[in-house]
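A structural walkthrough
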There are 2 protein chains.
Amino acid sequence: MSKLPDPAESRQVDHAIEPLIYRRWSPRALSGEPISEEELLRLFEAARWAPSTYNEQEWRFLYAKRETPQWPAFFDLLMKDNQTWCENAAMLVVILAHKVFAKNGKPNPVHLFDCGSAFENLALQGTAMGLVVHGMAGFDFERAKRELKVPDDYDVAAMLAVGRPGDPENLPDKLREMEVPSGRRPVKDSIHEGPYESA
Amino acid sequence: MSKLPDPAESRQVDHAIEPLIYRRWSPRALSGEPISEEELLRLFEAARWAPSTYNEQEWRFLYAKRETPQWPAFFDLLMKDNQTWCENAAMLVVILAHKVFAKNGKPNPVHLFDCGSAFENLALQGTAMGLVVHGMAGFDFERAKRELKVPDDYDVAAMLAVGRPGDPENLPDKLREMEVPSGRRPVKDSIHEGPYESA
């Protein structure tokens, strides 16, 4: 059983929202156990149904499961701090974003934004399944492009780690202290009626 | 009552996922009715709990409610096609994305991606509340920056319309024909084990 904290017990939610949304967080304590092929497909199925401009579905997901020949190429992209806990992940994923519209090759202004929506669907689905899904920007984007042979018309958008929850006690001291669901600034500080300058 | 189609009846979901995820779609038929202040806050509260790199929360939301002095500045940003149905929206939102890290001012490579996650939370919350949430790239990004006095360290990420579902019969012919939940390519076409080139 996971010994991870439940965000529902610590997060201060000020307006009623879906529990799935505030129960999602980004733990680092992973058990090292694999996930099944069907679990993998359910996660990507959730990403599949994200919205995108003109239904472009700009997302592509490259992945590697631990203890496979593909793993080292993905793992080596991560910064040291992420490697310390990702060594117990079941899967690493690199999200690619198609930069141009399929119909005319013109630049798509929301390709990264849309991939963020797809990622959030995946993260919420993982939460519903009791899995850890942890997005990361702490990796070498340029190296990812090169080593994973990403075509020129795709951007590397982000990485993520997926796995089964583990025991925070097994994390290094520094990371164990961080293993609590993070808070947020109040919603009033993120919204404004009218133009920015009138804030 | 809404006469909008239910995506659960038409979408082919291949692997079991949360109903909320496949029930979300992007209708254009809006009733013209307002939303309450509490509904507005619940939507932004959902966005609040999205993940972001180093918990940066890069998102800021500028909004205008219909029949307020702020409305025209937002509405005028939209392309003609979007104006035809957005005139019945209850609220228009412009999402801004902070380009640099708060702690050191260095470029944040995932600021737009993270805003996409926040948007998807908002869209799913809207679905749960029976509201329409429809993201848009069809507007003038440069003009938005200028007219809404967006600071230089923010990008304009996307717009969205929020409202109560209306009757598709009231849409212009062209839009009425499009008023069905869209499909997606199969999940297998979006994922690949290992580097891209081996696809």
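This write-up is about the structure you can find in this document. (Residues numbered from 1 in each chain as written. Chains lettered and ligands numbered in written order. Predicted model: local features only at pLDDT ≥ 70, side-chain atom pairs only at ≥ 80, totals over all residues.)

**Some points on helix H3 (residues 37–48) of chain A**
- Taking 1.5 Å of rise per residue, the 12 residues of H3 of chain A would be expected to cover 16 Å, and the 16 Å separating its terminal C-alpha atoms lies within 8% of that figure.
- Against the buried residues of H3 of chain A lie strand E1 (59–65), strand E2 (91–98), helix H6 (111–128) and strand E4 (154–163) of chain A together with helix H2 (19–23) and strand E5 (191–193) of chain B. (Helix = DSSP H or I, 4+ residues; strand = E, 2+ residues; numbered from the N terminus. Expected span 1.5 Å × (residues − 1). Contact = placed C-beta atoms within 7 Å.)

**Topic: the relation of the copies chain A and chain B**
- Of the transformation superimposing chain A on chain B, the axial component is 0.0 Å and the angular component is 180°, with the fit at an RMSD of 0.0 Å. Both chain copies can therefore be described as sitting about a two-fold axis. (Least-squares fit on C-alpha atoms with pLDDT ≥ 70 in both.)

**Focus: the packing of H3 of chain A against H6 of chain A**
All names here are of chain A.
- Following both chains from N to C, one finds H3 and H6 inclined at 140°, their axes separated by 7 Å at the closest point. Here H6 runs oblique to H3, going by the angle between their axes. Of the two elements, H3 crosses H6, and the hand of that crossing is right-handed. In this structure, H3 uses Arg 42, Leu 43, Phe 44, Ala 46 and Ala 47 to contact H6, whose residues at the interface are Ala 118, Phe 119, Asn 121, Leu 122, Leu 124, Gln 125 and Gly 126.
- Of the residues assigned to the contact of H3 with H6, the class counts are 8 nonpolar, 3 polar and 1 charged. (Axes fitted to C-alpha atoms, helices over the stretch in contact; angles between N-to-C directions. Parallel < 35°, antiparallel > 145°, perpendicular 65-115°, else oblique. Left-handed = near helix turned anticlockwise from the far one by under 90°. Nonpolar A, V, L, I, M, F, W, Y, C, P; charged D, E, K, R; others polar.)

**Digging into the pairing of strand E2 (residues 91–98) of chain B**
Residue and element names in this part refer to chain B.
- The buried count for E2 comes to 8 of 8 residues, which makes it a mostly enclosed element.
- Side-chain alternation along E2 places Met 91, Val 93, Ile 95 and Ala 97 on one buried face and Leu 92, Val 94, Leu 96 and His 98 on a second face that is also buried.
- Strand direction decides the pairing type here: strand E1 (residues 59–65) and E2, joined by 7 bridges, are antiparallel. Considered in E2, the bridge of Ala 64 is made with Leu 92.
- Relative to strand E4 (residues 154–163), E2 is paired through 8 bridges, and the arrangement is antiparallel. Bridge pairing in E4 places His 98 opposite Tyr 154. (Buried ≥ 20, exposed ≤ 12 C-beta atoms within 10 Å, placed from the backbone. Pairing = 2+ DSSP bridges.)

Structural measurements only, silent on function.
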